[in-house]
Structure formats: structure tokens, C-alpha cells
Amino acid sequence: MTAFTSTASKADEARGFGAHRIVNSRNADDIRKIAGTLDLLLVTVNVPLDWKAMLATLRPKGRLHFVGAVLEPVPIDPFDIIMTQQTVSGSPNGSPLTTAQMLEFAARHNISPQTKHFPIARVNDAVKHLLDGKARYRVVLDM
């Protein structure tokens, strides 16, 4: 498994989650080094990246799949995906069956979400935490 991050401080966390390789998503040389090595690139971000370089990380017949809502057009040259038989796809979430299978897999392998909890009375602190860029993964408000 390869993890992409723009923050070097998340490398150890990514390894803890099972990543064998860490790639800086903002470093063209790092991305170029893994060209043609990935079967699937699951995009969870909502920020623009070098999409041509990201697509180049895929092997022939690889898939670039979006689950993050990138808020601007993603430029993809059809010739690039035709010649490599790559696929670009996206989905807002899985089907009920896929979601159930994912939860079963997570339970079987003791995978749990990484969350930071705030009591509802501290909602302003939670929002400040988010706006200050301190949120790691998910922030949860508890009633």
C-alpha cells in the first residue's frame, strides 16, 4: 500500500495504518519515482493535484477512482488513458452491500476510524480546530 500526503508529519501515522511507501503528493520527483506501479489510486482529497502525474502512477489497466469531491475540473487527456487502457471513475459512497462488506472487513482486521471527539457544548472549539487545520481525519461532536 502506498500513501500520499502533502504533510511529512503524517508519514509515521500512514505507516501505522499499513502503508509500505509514503509519497509526497506535492513533490513531482516523488510522484515520478512511482510511475507505472499502482493498480488503483483512490482519491479522497478535495484539492487540485497534478492529475497527469497522478494518472502516470498507474500501471496499464489501472484505475483512478474519486471519492473526494475535487472542486474544479480534472484535466485528463483521453489519449493517455486510451493507450494504457486505464479507467477513471468516481462514486459518492458504496452500495449497501459494499458498505457492509467494508465494515465486516474492518471488524475482522480490527480497523477503526481515527477520530477526535468534542462535546457538543464545545462546538466552537471543534470548528476552530478544523479552521486551524489541526483536524486529523475526522472530528466528531458528541451529544
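Refer to the structure printed above.
A. Region of interest: the pairing of strand β3 (residues 38-43). In the sheet, β3 pairs with strand β4 (residues 58-66) via 5 bridges, with the strands oriented parallel. Each bridged residue has a counterpart across the sheet, and for V43 the counterpart in β4 is F66. Each parallel crossover has a hand, and the one from β3 via helix α3 (residues 51-56) to β4 is right-handed.

B. Layout of the packing of aromatic side chains. Within this structure, the stated rule accounts for 1 aromatic pair. Geometry around F118 places K116 over its ring, the cationic atom sitting 5.5 Å from the centre.

C. Summary view of the side chain of S25. Note that S25 resides in the loop between β2 (21-24) and α2 (28-33). Here S25 is in contact with F4, T5, S6, I31, L49 and M54, once residues within four sequence places are set aside.

D. Just the nonpolar core, in detail. If you look at the biggest cluster of nonpolar residues, it comprises 15 residues, and the most contacted ones within it are L41, V43, W51, M54, L58, L64 and F66. In terms of residue count, α3 provides more of this core than any other element does, 4 residues in total. If we ignore the near neighbours within four places in the chain, the residues touching M54 are F4, S25, I31, L41 and L49.

E. Representation of unusual backbone geometry within the structure. The residue K61 is not glycine, and still its phi comes out positive at about 70°. Inspection of the secondary structure puts K61 in strand β4. Positioned with a positive phi, N110 is a non-glycine residue whose angle comes to about 55°. Tracing the backbone shows N110 in the loop between α5 (96-108) and β6 (115-119).

F. Looking closely at the environment of K61. Relative accessible area serves as the criterion here: at 61%, K61 is assigned to the exposed category. C-alpha of K61 to C-alpha of A3: the two residues are 58 residues apart in sequence and 20 Å apart in space. Ignoring sequence-local partners within four residues, the contact set of K61 consists of T84, Q85 and Q86.

G. The sheet that holds strand β5 (residues 87-90), seen in detail. Spatially, β3-β4-β5 is the arrangement adopted by the 3 strands of the open sheet, whose pairing is parallel. Each end of this open sheet is capped by a strand with a single partner; those strands are β3 and β5. Put simply, the sheet's adjacent strands are angled 15° from each other on average, direction ignored. Bridge count for β4 against β5 is 4 bridges, and the pairing is parallel. In the sheet register, F66 faces β5, and the bridge partner there is G90.

H. The arrangement of the environment of I111 in detail. Here I111 shows up in the loop between α5 and β6. Owing to a relative accessible area of 49%, I111 belongs among the partly exposed residues under this scheme. In the structure, I111 is positioned 94 residues away from F17 in sequence and 8.7 Å away in space, judged by C-alpha atoms.

Parameters at a glance
- Residues numbered from 1 in each chain as written.
- Predicted model: local features only at pLDDT ≥ 70, side-chain atom pairs only at ≥ 80, totals over all residues.
- Heavy atoms only, no water.
- Pairing = 2+ DSSP bridges.
- Helix = DSSP H or I, 4+ residues; strand = E, 2+ residues; numbered from the N terminus.
- Right-handed = clockwise from strand over helix to strand, strands pointing away.
- Phe/Tyr/Trp six-rings, centres within 6.5 Å; stacked < 30°, edge-to-face > 60°.
- Lys NZ or Arg CZ within 6 Å of the ring centre and 35° of its normal.
- Contact = heavy atoms within 4.5 Å.
- Core = buried A, V, L, I, M, F, W, Y, C linked by side-chain atoms within 4.5 Å.
- Buried < 20%, exposed > 50% of the residue type's maximum accessible area, 1.4 Å probe, protein only.
- Axes fitted to C-alpha atoms, helices over the stretch in contact; angles between N-to-C directions.

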